[in-house]
Amino acid sequence: MPRALWAKAPLALLRHRTVLFAVVTASMLVAVAGASVPLLRAGVESEALKSRIDELTPLGAGLTIETQLHRDRGDLRGSDRARRAAARQLARALPFVGRPIMTTTGVAQVGGAALEGANQLLVIPMARTAATDHVTRVSGEGGHAWVAAPVARLARIRAGQAITLVSPALPGVNAKSIHLPVSAVYRSLDADRDNPYWVDFTARIRPVSADASPLPTFLLVQQAELYRIAHAVGGDELASTFEFPVRARAMTPARAKEAARRFAEIRRSLNGPTRLAAALGCERPYRCSVTSSLEAAVALAERSVGALTPVISLLGGFAALIAVGAAFIAGAFGVRRRAPEARLSVVAGEARSTFAVRAGIEALLPALLGAAIGFGIAVTLALTFTPDGTIDSGVLAAALAATVLAALGSVVAVAVGACAARGPTAARARSGFRVSRLPWELPVLIAAGIDFAAIQQGGGLVADEAIGSHPRLVVLLLPLLLAAGLAGLGTRGLRQALRGRSARSDAIYLAIRRLAAARAMLVLLIVTAAASVGALCFAEVLDSSLSSNSAEKAYVANGADVQGLIDAGQTFPPNFPYPIAKVRQSLDTVRIDSVRIESMSTGSGSPIEVLEVDPVALGHVVRWRWGGDPLGALAKLAASDSTLPVVANAAARQATVISIGASRIRVRVVATVDVFPGSIAGQPLLVVPAIKFERAADLAGVMGDPLDHATAYVWARGDPTDVARALTDSAIAPLYITTVDHFLQSAELTTAARTYGFLRVVALGAALVSLVALLLYLQARGRSQLVTSAFLARMGMSAWRRAASVALEAAALVAFAVVAGAGSALLVAAPLVSRVDPLPQYAPGASIVVPWTLLVISTCTLVAAGAAAGAAASALAGRAEVGEELRVA
């Protein structure tokens, strides 16, 4: 081959802009897929870490050093200030913590009226950084002592008066006292449970149990007043607590690990005779308590990312595989676009390997450009959608290394694609001809069958305690394999059916002739498009099914938007701002007699689940948007004039008599439902009206409550956050509140949703790549058929009719690929939805939900885009010079 081709190889694609664009795009996709793996890992770890820090609060996750009471009979003020100065110096040495919160406490007893009681009223005098800014003031204001409301009530003092403190010793032993002016009364911290400022003092605020004695409250004073109290009645004893809150916004996973390691070093240092221990007051005989929850948060984040790594690697590899396929197609179409050069290579006897090396050199610079663009896109997306501080130098280095490898991989893929499209150099051997007679679709469909069998045998999900269940690779590969095999077989049949067909329109006739003469490259394009569309449709169906089934499970499990545990005899206020209803649930009190339940004869009765409700009130509370609406059943239950009408599920639909102890009650099933809010999977269920049930129980001779030991709930409808707050603040005050959001935010559901969402993005990218490949194919073929187009023009066929013919061909190709891919996805999604259900233990069972509107709109959009791509390809090809093409040929 001429040396000029090798000399011009690095910049050769500048003369072929379409191929240049294809190589840059394919390399960009490969780079995005490669760089996404370390970036996604860092994002998951950072999100888990910051979520844990948010739960713990920066103070709880930070370092807390607590000293014992020191007896400083000498310079009390100087010793405490020296310890505070040492804490500030330590904070300056820790760049990942904020300004320290410093607290000094003493001991005292309230005198005056409080001494009249039988028990001592102890308080803890406290000088704490900005303490009065983080309590709820009840009355008064000012800069003197702030007392808790219970102390003010027991000591019979109020803001503006003085509080008397005495030594907390035995009566008569120490008669010293001190009087302090009270500036304000604040709400007890025990009633302010969600205040993050006091998180490290929880053990000093809340008793360990409801039966334990109340703990001493804090008397908030200035440092000077605290020193006076300690000297007068506190025995010159002071204790210090130094809190170093972490900087949550700047806390990357790497920095959090470094901070946890540094906190551990400080803990070890304070346990020995070190200068730091002496400066902070931790030297013997005193000891310090050093705590931090950051190590646990780091361990949890590492566990989360470790569990998600298989999913991230799986999806990243899946995306990279599709992107490498796009690079292969770009290389193949590049050769088709430059068919004269490929023919010259074959005629000159150039080896395939040599041709591939030159193609790789030509693609090197465009691939590096695409990789740089892809790296920038991946980093930008990571910075946009991950928490602040996720991306550090280590993560960037890992992403850059993955991008370089991706660029080299795309170069190799382009070279291999170019080599495959160049054409054979010799006749095929007989053995190779025999092998080629075997349809390639057969092993692909066999692999799809094996894949499907593995999923049916329970191999579709991976269970993980940290993140819940997530799909395996076999689930993601199944629609691709099936779509590829069916598309290949469909293409063979379509080519046979179109051969010999005629049409009155010359544009349609030419489109049919070209489709019937389709060769390997077009088949590859159709199979690629069908596989990408199949993956996209499969992800959409699984995501829609997961969303719908999860919401239905949430409402069945929780009953309503909000559910609260209450006392069975509790009455509701008449003016509650949201619809509410009382539901009583019993699981072992009532039995069904003499019927078959789930193919099991029950002569002595089978225990069932009973829900005692007010049908009218519950009808205003239940929210339902799936099949088998229970509102109709509740309406029938409320309108029935039977002695005891009931609503039953399928397992209890034949119930006629129930028994409570020795009493028997006849019931009438007025409606049957598949599932009902509050029902338990696999359990027979009866829903009974409360008033009629109690009346029927009395007539049957049931003594006392017919649902003895039943659990009572309040169900409410409305915004979960607002309703939960209203229930807590009302007289109902449920003991325990759950919402549907608690169910929907479980790890199993969020992990599965992320998996399907990422798969959808990857599949959508693959579909767009298929359209680009179609444009390249049609343009390359149009360039190679310029002479034919010229003769058609001479025969009177206008340019727009030629473009319409190509547009019709492209639309038919896209439509066939979409039908094959979507059909394959729907074919496998229906039986697999139940196999990949992340919460199979909850009722009802998973069912397929197909987003038909989205699929139809997407299909029309893709077909229209394909037609537009065909027309554009025809227009671009028509700009070439016929004489130049004839000269080169």
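In this text, all values refer to a predicted model and were calculated from it rather than measured experimentally.

## Digging into the overall build of the protein chain
And step 1. Across its full length, the protein chain holds 27 helices and 26 strands.
And step 2. Across the 889 residues of the protein chain, 50% fall into the buried class.
And step 3. Within the protein chain, counting contacts between residues at least 6 apart in sequence, those at least 24 apart form 81% of the total.
And step 4. Summing over all exposed atoms, the protein chain offers an accessible surface of approximately 41600 Å²; the carbon and sulfur share of this is 59%.

## What about the pairing of strand β19 (residues 609–613)?
Side chains on a regular strand alternate between the two faces of the sheet.
And step 1. With 5 of its 5 residues buried, β19 lies for the most part within the structure.
And step 2. The side-chain alternation of β19 yields two buried faces, one formed by Glu 609, Leu 611 and Val 613 and the other by Val 610 and Glu 612.
And step 3. As paired elements, strand β16 (residues 580–586) and β19 share 3 bridges and run antiparallel to each other. Counted as the bridge partner of Arg 584 is Glu 612 from β19.

## Focus on the packing of helix α17 (residues 520–558) against helix α25 (residues 799–832)
Two numbers describe a pair of packed helices, the interaxial angle and the distance between the axes.
And step 1. Running from N to C, α17 and α25 cross one another at 40°; their axes reach a closest spacing of 7 Å. Comparing their axes, α25 and α17 come out oblique. By crossing handedness, the relation of α17 to α25 is classed as right-handed. Of α25, the residues touching α17 (which contributes Leu 522, Ile 526, Ala 529, Ala 530, Val 533, Gly 534, Cys 537, Phe 538 and Val 541) are Leu 813, Phe 816, Ala 817, Val 818, Ala 820, Gly 821, Ala 822, Ala 825, Leu 826, Val 828, Ala 829 and Leu 832.
And step 2. Across the contact of α17 with α25, the residue classes break down as 19 nonpolar, 2 polar and no charged.

## Section: the sheet that holds β19
And step 1. Spatially, the 8 strands line up as an open sheet ordered β23-β20-β24-β19-β16-β25-β15-β26, and their pairing is mixed. What marks the edges here is a single partner per strand, and that holds for β23 (668–673) and β26 (736–739). The sheet shows a mean angle of 25° between the axes of neighbouring strands, direction not considered.
And step 2. Packing against the sheet, helix α19 (residues 630–639) makes contact with β20 (645–649), β23 and β24 (685–689), and its axis sits at approximately 170° to β23.

## A closer look at the state of the cysteines
In protein structure, a disulfide is the covalent linkage between the sulfur atoms of two cysteines.
And step 1. The full count for this structure, using the stated rule, is 1 disulfide.
And step 2. The disulfide that involves Cys 282 links it to Cys 288, with 1.7 Å between the sulfurs. Between Cys 282 and Cys 288, the disulfide has an S-S torsion of -90° and is therefore left-handed.
And step 3. Note on Cys 288: relative accessible area 12%, which makes it buried.

## Topic: a nonpolar patch on the surface
And step 1. On the surface, a cluster of nonpolar side chains totalling about 450 Å² of accessible area is made up of Leu 11, Leu 14, Leu 364, Leu 365 and Leu 368.
And step 2. Examined against the element boundaries, Leu 364 turns out to sit in helix α11 (residues 352–385).

## Looking at the nonpolar core
And step 1. Counting residues in each nonpolar core, the largest one holds 54 residues, and the members touching the most others are Phe 538, Leu 611, Leu 618, Val 647, Phe 676, Val 687 and Trp 715.
And step 2. For this core, the leading source of residues is α17, giving 9 residues.
And step 3. If sequence neighbours within four positions are ignored, Leu 611 has contacts with Val 583, Arg 584, Gln 585, Phe 676, Pro 677, Gly 678, Leu 685, Leu 686, Val 687 and Val 688.
And step 4. Listed in part, the 34 residues of the second largest apolar core include Leu 56, Val 246, Ala 259 and Leu 294.

## Details of unusual backbone geometry
And step 1. Of note, the amide linkage connecting Ala 843 to Pro 844 takes the cis form, showing an omega dihedral of -5°.
And step 2. Residue position: Pro 844 is located in the loop between α25 and α26 (852–877).
And step 3. Phi is positive for Thr 57, close to 75°, though the residue is something other than glycine.
And step 4. Among the structural elements, Thr 57 can be located in helix α2 (residues 17–61).
And step 5. The phi torsion at Asp 236 lies on the positive side, around 55°, for a residue other than glycine.
And step 6. Looking at the element boundaries, Asp 236 is found in the loop between α6 (223–232) and β11 (237–244).
And step 7. Classification of Asp 236 by relative accessible area gives buried; the value is 9%.

## Some words on the packing of helix α3 (residues 76–92) against α6
And step 1. Packing of α3 against α6 leaves a shortest axis separation of 10 Å and a crossing angle of 130°. Relative to α6, α3 is oriented oblique. Viewed along their axes, α3 and α6 form a crossing whose handedness is right-handed. Along the contact surface, α3 presents Leu 76, Arg 77, Asp 80, Arg 81 and Arg 84, while α6 presents Gln 223, Ala 224, Tyr 227, Ala 230 and His 231.

## Some words on the side chain of Ser 167
And step 1. Relative to the helices and strands, Ser 167 is located in the loop between β8 (162–166) and β9 (177–186).
And step 2. A distance of 3.4 Å separates the side chain of Ser 167 from the backbone oxygen of Val 233, its partner in a polar contact.

## Description of the packing of aromatic side chains
And step 1. The full count for this structure, using the stated rule, is 9 aromatic pairs.
And step 2. Consider the rings of Phe 96 and Phe 263, whose centres lie 5.9 Å apart with planes at 70°: the pair is edge-to-face. Note that Phe 96 is positioned in the loop between α3 and β3 (101–105) and Phe 263 in helix α7 (residues 253–270), a separation of 167 residues in sequence.
And step 3. Residue Phe 96 is classed as buried on the basis of its relative accessible area, which comes to 6%.
And step 4. Classification of Phe 263 as buried rests on a relative accessible area of 0%.
And step 5. Ring centres 6.0 Å apart and planes at 80° place the aromatic pair Phe 201 and Phe 218 in the edge-to-face group. Taken as a pair, Phe 201 in the loop between β9 and α5 (202–205) and Phe 218 in strand β10 (residues 217–220) lie far apart in primary sequence, 17 residues in all. Exposure class is identical for Phe 201 and Phe 218. Each is buried.
And step 6. Counting every residue linked through ring pairs, the aromatic cluster contains Tyr 197, Trp 198, Phe 201 and Phe 218.
And step 7. Positioned above the aromatic ring of Tyr 197 is the side chain of Arg 128, whose terminal nitrogen or guanidinium carbon lies 4.3 Å from the ring centre.
And step 8. Over the ring of Phe 572 we find Lys 582, and its NZ or CZ is 5.8 Å from the ring centre.

Calculation notes
Residues numbered from 1 in each chain as written. Predicted model: local features only at pLDDT ≥ 70, side-chain atom pairs only at ≥ 80, totals over all residues. Heavy atoms only, no water. Helix = DSSP H or I, 4+ residues; strand = E, 2+ residues; numbered from the N terminus. Buried < 20%, exposed > 50% of the residue type's maximum accessible area, 1.4 Å probe, protein only. Contact = heavy atoms within 4.5 Å. Areas by Shrake-Rupley, 256 points an atom, 1.4 Å probe, with all protein chains shown as cover. Pairing = 2+ DSSP bridges. Axes fitted to C-alpha atoms, helices over the stretch in contact; angles between N-to-C directions. Parallel < 35°, antiparallel > 145°, perpendicular 65-115°, else oblique. Left-handed = near helix turned anticlockwise from the far one by under 90°. Nonpolar A, V, L, I, M, F, W, Y, C, P; charged D, E, K, R; others polar. Disulfide = S-S within 2.5 Å. Patch = residues over 30% accessible without salt bridge, like charges linked within 9 Å, V, L, I, M, F, W, Y side chains within 5 Å. Salt bridge = Lys/Arg side-chain N within 4 Å of Asp/Glu carboxyl O. Core = buried A, V, L, I, M, F, W, Y, C linked by side-chain atoms within 4.5 Å. Polar contact = N/O pair within 3.5 Å; in protein donor to acceptor, adjacent residues only side chain to side chain. Phe/Tyr/Trp six-rings, centres within 6.5 Å; stacked < 30°, edge-to-face > 60°. Lys NZ or Arg CZ within 6 Å of the ring centre and 35° of its normal.

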